[in-house]
Amino acid sequence: MERAYNFSAGPAVLPMEVLEATAQASLNFNGLGMSIMEMSHRSKEYDVVIKEAQADALKIMNLSADEYEVLFLGGGASTQFLMIPYNFLKTQADYLHTGVWAGKAIKEAEKIGKVNVIASSKDTTFNYIPKDFVITPDADYVHITTNNTIYGTEFRKDLEVGNVPFFADMSSDMFAVQRDFSKYDLIYAGAQKNIGPAGVTLVVIKKSLMERQRKVENMFTMLDYNTHLNNESMFNTPPCLPIYVVGQTFKWILKNGLDAIEANNIKKAAVLYDFMDASNGYYAPTVKNHEDRSLMNVCFNLATPELEAKFIADAKAAYNMTNLKGHRSVGGVRASIYNAAPIEWVETLVKFMEKFQKEN
Ligand SMILES: *Cc1c(COP(=O)(O)O)cnc(C)c1O
């Protein structure tokens, strides 16, 4: 099969072997004569699928099952924007405002309690990662967005937050880089950026965090993390097929090694950024600070919106490169190069960019 050069920000490229396994499981799962979509989520065969996915996630993160629990929830990362303050915002919480998604998380938290926006890069259309901020020592938690999908910035280093519980939306760089995951008390990621299809959200919770849960009368059952923790992520029917795909992706990550995946991501991003930095401003990355540049979403501008439109159209015509258009809120060009995008894609893109620059 001819694969398109798919630079989509999400849903996005997945490893071919994951797609192949999913195609097979969609028809006949493990020779059972039925599709994974047709099975009971309570069957012993499906139980293996979800348990392995949970165990593999912890293995990739080097976390122990004694300390952490892995949930697969519906509702997207956007529902976590609400569940987090609903469960943990008692007095005040610190948020870093580094982009559209961070802003949406803040908006939900403000409906529940006091939010301190301790840093923001809004003044410069979020084109850098703030470094000067002070975490409120008695905050209920501090919340960051590790990779800002729309603006192409990324916290490459794990923050030091002291004793304050540390929460992160890792939707768009989950398992793209190595992190000290043990620094985090709650991690969540919509699967559709880097680890699977839309429809499931990975939530990793440090069990001891639940001691800090906000006490609410008549708490909504589905919004209470304890509901999902007490039922091994099976209180209601989980997104069975997406969990299977995510589980296959985790196996692919374990086989390759997160260190090798990260090294490859660094190499891929460097090919693109280095080329643009040497283009005499013809291609202008929107993020100037090298250490803040996302490995996943490479955003850049050409001289005019018209030239950008031509660039995107020509890339499609020449190579069937798709989804290069920047987010509708910012325009420009964005090449998303998640784990499963091979380095050849980036090299071909750069080859096209060289030619386009000469001719335009
Ligand atoms: C896409 C994205 C979201 C939204 O995810 P949904 O699963 O669509 O709710 C949240 N945060 C980040 C960083 C994203 O990239």
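Residues numbered from 1 in each chain as written. Predicted model: local features only at pLDDT ≥ 70, side-chain atom pairs only at ≥ 80, totals over all residues. Heavy atoms only, no water.

Colleague: Describe the overall build of the protein chain, and please don't skip the residues or the numbers.
Modeller: From N to C terminus, the protein chain includes nine helices and 14 strands. For the protein chain, the C-alpha radius of gyration of 21 Å lies close to 21 Å, the compact-globule estimate for 360 residues. Counting only C-alpha atoms and orienting by the principal axes, one finds that the protein chain spans roughly 65 × 55 × 30 Å. Considering the protein chain as a whole, with its 360 residues, one finds that 56% of them fall into the buried category. (Helix = DSSP H or I, 4+ residues; strand = E, 2+ residues; numbered from the N terminus. Rg over C-alpha atoms; globule rule 2.2 N^0.38 Å. Buried < 20%, exposed > 50% of the residue type's maximum accessible area, 1.4 Å probe, protein only.)

Colleague: Residue-level account of the packing of aromatic side chains, with values.
Modeller: Counting across every chain of the model gives 23 aromatic pairs. Ring centres of F88 and Y225 lie 5.8 Å apart, and the angle between their planes is 20 degrees; on these two criteria the pair is classed as stacked. Of this pair, F88 sits in helix α3 (residues 76–88) while Y225 sits in helix α5 (residues 225–230); the two residues are 137 residues apart in sequence, bridging distant segments of the chain. Accessibility expressed as a relative area gives 2% for F88, which makes it buried. Seen from their ring centres, F166 and Y184 are 4.4 Å apart, and the 20 degrees between their planes marks the pair as stacked. Here F166 is found in strand β8 (residues 166–169), whereas its partner Y184 is found in the loop between β8 and β9 (186–190), with 18 residues between them in sequence. By the burial criterion, F166 is buried, and Y184 matches it. (Phe/Tyr/Trp six-rings, centres within 6.5 Å; stacked < 30°, edge-to-face > 60°.)

Colleague: How would you explain the domain arrangement of the protein chain if you had to name every residue and give the values?
Modeller: We note that the domain assignment places domain 1 (16–256) and domain 2 (258–359) within the protein chain. On a C-alpha basis, the centroid separation for the pair domain 1 and domain 2 is 27 Å. Facing the 25 residues of domain 1 at the interface are 27 residues of domain 2. When the two sides are added together, the surface that domain 1 and domain 2 hide from each other amounts to roughly 2,200 Å², 53% of it contributed by carbon and sulfur. Its largest share of buried area at the contact with domain 2, domain 1 owes to I150, R156 and Q178, together 24% of the area lost on that side. For the pair domain 1 and domain 2, the number of links is two salt bridges. Applying the counting rule to domain 1 against domain 2 returns twelve residue pairs in polar contact (both at pLDDT 80 or more). Broken down by secondary-structure element, the contributors of at least two residues to the side of domain 1 that touches domain 2 are β7 (153–154) and α6 (240–256). Residues of the side of domain 1 that touches domain 2, tallied by class, amount to eleven nonpolar, nine polar and five charged. (Domains from an automatic or database assignment. Contact = heavy atoms within 4.5 Å. Buried area = accessible area lost by both parts, 1.4 Å probe. Salt bridge = Lys/Arg side-chain N within 4 Å of Asp/Glu carboxyl O. Polar contact = N/O pair within 3.5 Å; in protein donor to acceptor, adjacent residues only side chain to side chain. Nonpolar A, V, L, I, M, F, W, Y, C, P; charged D, E, K, R; others polar.)

Colleague: Quick one: what's the story with the pattern of salt bridges, residue by residue and with numbers?
Modeller: Tallied over the entire structure, the rule returns 17 salt bridges. E69 is the salt-bridge partner of K207, the closest N and O atoms lying 3.8 Å from each other. Remark: E69 occurs in strand β2 (residues 68–73) and K207 occurs in the loop between β10 (201–206) and α5; sequence separation between them is 138 residues. For K207, a relative accessible area of 34% puts it in the partly exposed group. The partner of E160 in a salt bridge is K183, and the shortest N-O contact between them spans 2.6 Å. Taken together, the residues span a long stretch of sequence, with E160 in the loop between β7 and β8 and K183 in the loop between β8 and β9 at a distance of 23 residues.

Colleague: Run through the site of the ligand, naming residues and quoting values.
Modeller: The environment of the ligand is made up of 13 residues, and the closest members are S78, T149, D169, Q192 and K193. At 3.5 Å, a side-chain N or O of W101 approaches an oxygen atom of the ligand. Relative to its free-state accessible area of 380 Å², the ligand is covered by the protein chains to the extent of 87%. In terms of residues, the shell around the ligand owes the most to one element, α3, which gives four residues. A breakdown of the residues in the shell around the ligand according to their chemical character gives three nonpolar, eight polar and two charged. (Near = heavy atom within 4 Å. Areas by Shrake-Rupley, 256 points an atom, 1.4 Å probe, with all protein chains shown as cover.)

Colleague: Got a sec to walk through the sheet that holds strand β11 (residues 284–285)? Specific residues and values, please.
Modeller: The sheet built from three strands is open, its strands ordered β11-β12-β14 with antiparallel pairing. At either margin of the open sheet sits one strand with a lone partner, and together these are β11 and β14 (333–336). (Pairing = 2+ DSSP bridges.)

Colleague: Go over the packing of helix α1 (residues 16–27) against α6, please, and point to the residues and values.
Modeller: Viewed as axis vectors pointing N to C, α1 and α6 meet at an angle of 145 degrees, and their least axial separation amounts to 9 Å. Seen from above, α1 lies across α6 with right-handed handedness. Two secondary-structure elements touch here, α1 through E17, V18, A21, T22, A25 and S26 and α6 through L241, Y244, V245, Q248, T249, W252 and K255. Classifying every residue of the contact of α1 with α6 gives seven nonpolar, four polar and two charged. (Axes fitted to C-alpha atoms, helices over the stretch in contact; angles between N-to-C directions. Left-handed = near helix turned anticlockwise from the far one by under 90°.)

Colleague: How would you sum up the sheet that holds strand β5 (residues 142–145)? Please name residues and give values.
Modeller: Within a sheet, adjacent strands bond to each other through the backbone by hydrogen bonds, running parallel or antiparallel. Spatially, seven strands are ordered β2-β10-β9-β8-β5-β3-β4 in an open sheet, and the strand pairing comes out mixed. Both outer strands of the open sheet, β2 and β4 (114–120), are each paired with one neighbouring strand and no more. When the angles between neighbouring strand axes are averaged without regard to direction, this sheet yields 20 degrees. Pairing of β8 with β9 involves three bridges; the strand directions are parallel. Among the inter-strand pairings, A168 is bridged to a residue of β9, identified as I187. Lying over the sheet, helix α2 (residues 44–61) contacts β2, β9 and β10, oriented at roughly 125 degrees with respect to β2.

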